[in-house]
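A closer look at the structure
In case you want the letters, here they are:
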Amino acid sequence: EDIANWKTYRNEEYGFEIKYPKTLSINEALIYNRVSLHTTVKDYQVPFVEIHILEGSIQNLYDEALIRLSRIDPSAIKKRDIIISGKLAKDIYLVTPEPPNPDYPPDLLMGYEYHEIYLEAKTGNTIFIKSVDLDPIYLEKILSTFKFIN
């Protein structure tokens, strides 16, 4: 699908916009500072991408995520620095194992490719992007459309 035909989500308060394929729909939960892009209108129907606005520094949130996710399998965790809209972002990703283990973090869906991406917002907050089981090509395309606005 050509990115030119994608829809655009724009958030004036936090100063960003992102394009997404027509196969995904928006669910904006402003009370939680969260925007979800899902294949259906139900939360946690995979695949999905969520964009959260979090308080705290990228480094602190990233370090906390590494500790939380290392409870699964430290050797499965991959880390990389990526560039989003000209800014450095941190991506933690892994394929979560099945079946679920009661020691795993309760918010983690099991058996899927899982990404947590941290990017500094213009407001000084952190933009947290969580992707579960989205085709990596689609995820890269979606991230390539992310841009900061005035």
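Below you will find a few notes about this structure.

How each quantity is defined
- Residues numbered from 1 in each chain as written.
- Predicted model: local features only at pLDDT ≥ 70, side-chain atom pairs only at ≥ 80, totals over all residues.
- Heavy atoms only, no water.
- Core = buried A, V, L, I, M, F, W, Y, C linked by side-chain atoms within 4.5 Å.
- Buried < 20%, exposed > 50% of the residue type's maximum accessible area, 1.4 Å probe, protein only.
- Helix = DSSP H or I, 4+ residues; strand = E, 2+ residues; numbered from the N terminus.
- Contact = heavy atoms within 4.5 Å.
- Pairing = 2+ DSSP bridges.
- Axes fitted to C-alpha atoms, helices over the stretch in contact; angles between N-to-C directions.
- Phe/Tyr/Trp six-rings, centres within 6.5 Å; stacked < 30°, edge-to-face > 60°.

Glancing now at the nonpolar core. Ranked by size, the top nonpolar core spans 25 residues in total, and within it Phe16, Ile84, Ile127 and Phe146 carry the most contacts. Secondary structure elements with two or more residues in this core: strand 2 (16–20), strand 5 (48–54), strand 6 (78–84), strand 8 (113–120), strand 9 (126–132) and helix 2 (136–145). Not counting the four nearest positions on each side in its chain, Ile127 is found in contact with Phe16, Ile51, His52, Ile53, Ile117, Tyr118, Leu119, Ala121, Phe146 and Phe148.

The next subject is the sheet that holds strand 1 (residues 7–11). A sheet is described by the order of its strands in space; here three strands give the open sequence 1-2-10, paired in antiparallel fashion. Each edge of the open sheet is held by one strand with a lone partner, namely strand 1 and strand 10 (147–148). Of the strand pairs in this sheet, strand 2 and strand 10 are connected by two bridges, and their pairing is antiparallel. Note that in strand 10 the partner of Phe16 across the bridge is Phe148. Across the face of the sheet, helix 2 comes into contact with strand 2 and strand 10 while running at roughly 145° to strand 2.

Right, let's get into the packing of aromatic side chains. Taken as a whole and judged by the stated rule, the model has six aromatic pairs. On the numbers, 6.0 Å between centres and 50° between planes, the contact of Trp6 with Tyr138 is tilted. Of the two residues, Trp6 sits in the segment before strand 1 while Tyr138 sits in helix 2, which places them 132 residues apart along the sequence. Here Trp6 falls in the buried class, since its relative accessible area comes to 5%.

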